[in-house]
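So the chains spell out like this:
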There are 2 protein chains.
Amino acid sequence: MIRELIAAERSIQMAIERMVRAWNIHDPGAYSLVFAEDADFTNVFGQSFHGKQAIEAQHAPIFLTMFKSSHLSTEQPKIRLISENLAAVDVTWYMTGATDPVGNAWPDRKGLMNLIMKNEDGNWLILIMHNMDLPAFTLN
Amino acid sequence: MIRELIAAERSIQMAIERMVRAWNIHDPGAYSLVFAEDADFTNVFGQSFHGKQAIEAQHAPIFLTMFKSSHLSTEQPKIRLISENLAAVDVTWYMTGATDPVGNAWPDRKGLMNLIMKNEDGNWLILIMHNMDLPAFTLN
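Residues numbered from 1 in each chain as written. Chains lettered and ligands numbered in written order. Predicted model: local features only at pLDDT ≥ 70, side-chain atom pairs only at ≥ 80, totals over all residues. Heavy atoms only, no water.

What follows deals with the pairing of strand β6 (residues 109-120) of chain A. Residues and elements named next belong to chain A. Sheet topology places strand β5 (residues 86-96) next to β6; 10 bridges connect them, and they run antiparallel. Bridge pairing links D90 to N114 in β6. Linkage of β6 to strand β7 (residues 123-133), two consecutive antiparallel strands, is achieved through a turn of 2 residues, within which D121 is found at a positive phi near 55 degrees. (Pairing = 2+ DSSP bridges. Helix = DSSP H or I, 4+ residues; strand = E, 2+ residues; numbered from the N terminus.)

See below:
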């Protein structure tokens, strides 16, 4: 059981790392590989996309515009197993170099991705993702 | 199977309705009843609380301050079963009458709760909740 948990954590961390690398080379195909075929993705604007192909298609144009010079980094994911083959994963992230949808420089961002990841034959993929920007002010 | 699905949807919708009613009478105890004992709750500021008791304790003071005159309403939840006893639930919400943490009137809000709900003997409870404000501007 401990061995399976360690394997799951490792696979999840590697998936997040692959996603971040794909983001930072602005490659929509590589980015989408961390998603399950029937994934649901909801972006920081509340827009939802269903399926790996739609997620790739949605990222392709923004990797050429808003996010073409963006750089993403993440904190260590917080992982909670919710069933044998499902995990809830929170990832705090930071982004520099983006522009907003109307082309203005976007101030450095901090946000939170929350993921439901699914074990498909030892390969943990994102089944559901919601992304959010965190507000600039914080409660003490 | 269809019957179980309908029962699940109904139970989930009723849980959301109870949560909204509890919010609108600003009752932290009633609000927390829709959460599982070991729930994780992350608010729009990215702050996390673990356990039904902590979630109640976190809401008690804000129901007396920021949210004492707030009113919450929601759209129909979007429900996706991710295992026999787990569902991912997205709920778009609207809020009027809140103030921000420093006491200024908070403009009318629109946001998105994303929930992982768990069937405990026919009673669907929130196991994981992340809340977010949606930005005032929207893409096209």
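Pairing geometry for strand β6 (residues 109-120) of chain B and strand β7 (residues 123-133) of chain B, over 10 bridges, is antiparallel. Opposite N114 of chain B, over in β7 of chain B, you have H130 of chain B as the bridge partner.

On to the relation of the copies chain A and chain B, then. Superposing chain A onto chain B takes a rotation of 180 degrees plus a shift of 0.0 Å along the axis, which leaves an RMSD of 0.0 Å. What the rotation and shift describe, once combined, is the action of a two-fold rotation axis. Of every C-alpha in chain A, the one belonging to M132 of chain A sits nearest the axis of rotation, 3.3 Å from it. Interface residue correspondence from chain A to chain B reaches 97%, placing this contact among same-surface, isologous pairings. (Least-squares fit on C-alpha atoms with pLDDT ≥ 70 in both. Contact = heavy atoms within 4.5 Å.)

Every contact between the two is made by 32 residues of chain A and, on the other side, 31 residues of chain B. Roughly 2,400 Å² of surface becomes buried between chain A and chain B when both sides are summed, with 67% attributable to carbon and sulfur atoms. For R80 of chain A, the salt bridge is made with D38 of chain B, and the minimal N-O distance between the two is 2.9 Å. Between chain A and chain B we count 6 residue pairs in polar contact (both at pLDDT 80 or more) in total. Looking at the side of chain A that touches chain B, the elements with two or more residues in it are β1 (35-42), β2 (48-50), β4 (78-83), β5, β6 and β7 of chain A. When residues of the side of chain A that touches chain B are assigned to their parent elements, the largest contribution, 5 residues, is made by β7 of chain A. For the side of chain A that touches chain B, the residue count by class is 16 nonpolar, 11 polar and 5 charged. (Buried area = accessible area lost by both parts, 1.4 Å probe. Salt bridge = Lys/Arg side-chain N within 4 Å of Asp/Glu carboxyl O. Polar contact = N/O pair within 3.5 Å; in protein donor to acceptor, adjacent residues only side chain to side chain. Nonpolar A, V, L, I, M, F, W, Y, C, P; charged D, E, K, R; others polar.)

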